[in-house]
Amino acid sequence: MYKRKSRHKAIVSVSLKMAIVLIIAAVTIFSSCKTRRLNSTSKLAENPFIRHMYTADPSARVFKDGRLYVYASHDVDPPRGCDLMDKYHVFSTDDMVNWKDHGEILNASQVPWGRKEGGFMWAPDCVYKNGLYYFYFPHPSGTDWNKTWKIGIATSKKPASDFVAQGYLDLGNDNNAMIDPTVFIDDNGQAYFYYGGGGRCAGAKLKDNMTELAQPLVFMQGLRDFHETTWVFKKNGLYYLTYADNNTVNGKGANRLNYATSKSPLGPWTYGGVYLDPTGCDTSHGSVVEYKGQWYAFYHNDVLSGRGNLRSICVDKLFFNTDGSIKMVVQTGKMGK
């Protein structure tokens, strides 16, 4: 009698344990599916998501406070080409719907080595390392703007204020079209600097001080029809480089955003294709970032103004195929979408 009761208790105990395991597994699967479902259906602000001023060249970064920050250039209204652009703004969010304008963080008059006429504050980038935020921006140092480009550096202990212009990166003697700077920091902490303009894309390791190159610039190989606007990120051990091409429509500039992949941050690169069609502007400029489990593509369009030099920054979800290739971005807020 005692043995039968013990055996019965043992069977009940095993059954209870199995039931608990099955319940935990079910909850885990449900939670995972729910997370994926939230990621795929999470809301975004209507594009363009900044509407009270004209903005372009969005550089998106996620920092240690858990917020997503976008560093943007500013189109001046009325425009005169793109030469009057002379200041940078920062915007941030923690839900991709509500955006805060942190205000202007730097303008041409605050750059002591810059062009005395001002202007030409084009696409920037910002990264965090060594307790500081490093803000990289292109700006000419002389009146002959197209032959005196430099990549300036401003630093702050805060992500969206108190930036002070320092010097600039020594990139050698060729100052033509040194624009669109971006910095990628690898998993091991090594930082890489890139620029892309005038049909050329170059990169190099940065020293730990983030203000000097650790090697001569290397021109990126394997890119197809490169025009400008370099951006580098990493996903599942694969490096991605995105950029704008030279596409035209009816003889007018209609850049698309392309991408290439590599097993090394400095290439050589394998061309992947176009992931963002023209946005209505002559130029295209974008960035890619992962935030709270969802990847996003940032870019600008002309929806608010109807003019390619009065641009507005936008964001849409970015998706990948199982082989790592990037799916075409569906541009929302454009032509009634």
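For the structure itself, consult the block above.
Below: a short report on this structure.

Calculation criteria
Residues numbered from 1 in each chain as written. Predicted model: local features only at pLDDT ≥ 70, side-chain atom pairs only at ≥ 80, totals over all residues. Heavy atoms only, no water. Pairing = 2+ DSSP bridges. Helix = DSSP H or I, 4+ residues; strand = E, 2+ residues; numbered from the N terminus. Axes fitted to C-alpha atoms, helices over the stretch in contact; angles between N-to-C directions. Buried < 20%, exposed > 50% of the residue type's maximum accessible area, 1.4 Å probe, protein only. Contact = heavy atoms within 4.5 Å. Salt bridge = Lys/Arg side-chain N within 4 Å of Asp/Glu carboxyl O.

As for the sheet that holds strand S14 (residues 238-244)
If you walk across this open sheet you meet the 4 strands as S13-S14-S17-S18, and the pairing is antiparallel. Across the chains shown, the open sheet's two edge strands, defined by having one partner strand only, are strand S13 (228-235) and strand S18 (270-276). Neighbour-to-neighbour, the strand axes of this sheet turn through a mean angle of 25 degrees, independent of strand direction. For strand S17 (residues 257-262) and S18, the ladder comprises 5 bridges, and the chain directions are antiparallel. Bridge pairing in S18 links Asn258 to Val274.

Here's the deal with the environment of Thr261
Position of Thr261 relative to the elements: it lies in strand S17. Owing to a relative accessible area of 16%, Thr261 belongs among the buried residues under this scheme. Counting along the chain gives 10 residues from Thr261 to Tyr271, while the straight-line C-alpha distance between them is 6.6 Å. With near-sequence residues (within four places) excluded, Thr261 lies in contact with Leu238, Tyr239, Tyr240, Pro268, Trp269 and Thr270.

Section: unusual backbone geometry
Note the cis peptide between Asn47 and Pro48, where omega equals -10 degrees. Looking at the secondary structure, you find Pro48 in the loop between helix H1 (2-41) and strand S1 (55-62). That bond from Asp77 to Pro78 is cis: its omega, 0 degrees, falls within 30 degrees of zero. Relative to the elements of secondary structure, Pro78 occurs in the loop between strand S2 (68-74) and strand S3 (87-93). The phi dihedral of Asp225 falls on the positive side, at around 55 degrees, and the residue is not glycine. You can see Asp225 is positioned in the loop between strand S12 (218-219) and S13. Here the phi dihedral of Thr229 falls at roughly 65 degrees; this positive angle occurs in a residue that is not glycine. Counting through the fold element by element, Thr229 comes out in strand S13.

Quick look at the pairing of S2
Taken across its 7 residues, S2 has 7 buried, putting it largely inside the fold. Here S1 pairs with S2 via 6 bridges, running antiparallel. Residue pairing for S2: Thr55 is matched across the bridge by His74. The turn joining S1 and S2, which pair antiparallel and follow one another in sequence, is formed by 5 residues; a positive phi near 85 degrees is taken by Gly66. Of the pairings in the sheet, the one linking S2 to S3 comprises 6 bridges and is antiparallel in character. Within S3, the residue paired with Val70 across the bridge is Phe91.

Points about the pattern of salt bridges
Following the criterion strictly, the structure yields 15 salt bridges and no others. The partner of Arg61 in a salt bridge is Asp125, and the shortest N-O contact between them spans 2.7 Å. Separated by 64 residues along the polypeptide, Arg61 in strand S1 and Asp125 in strand S5 (residues 125-129) bring together distant segments of the chain. Residue class for Arg61 comes out buried when judged on its relative accessible area of 13%.

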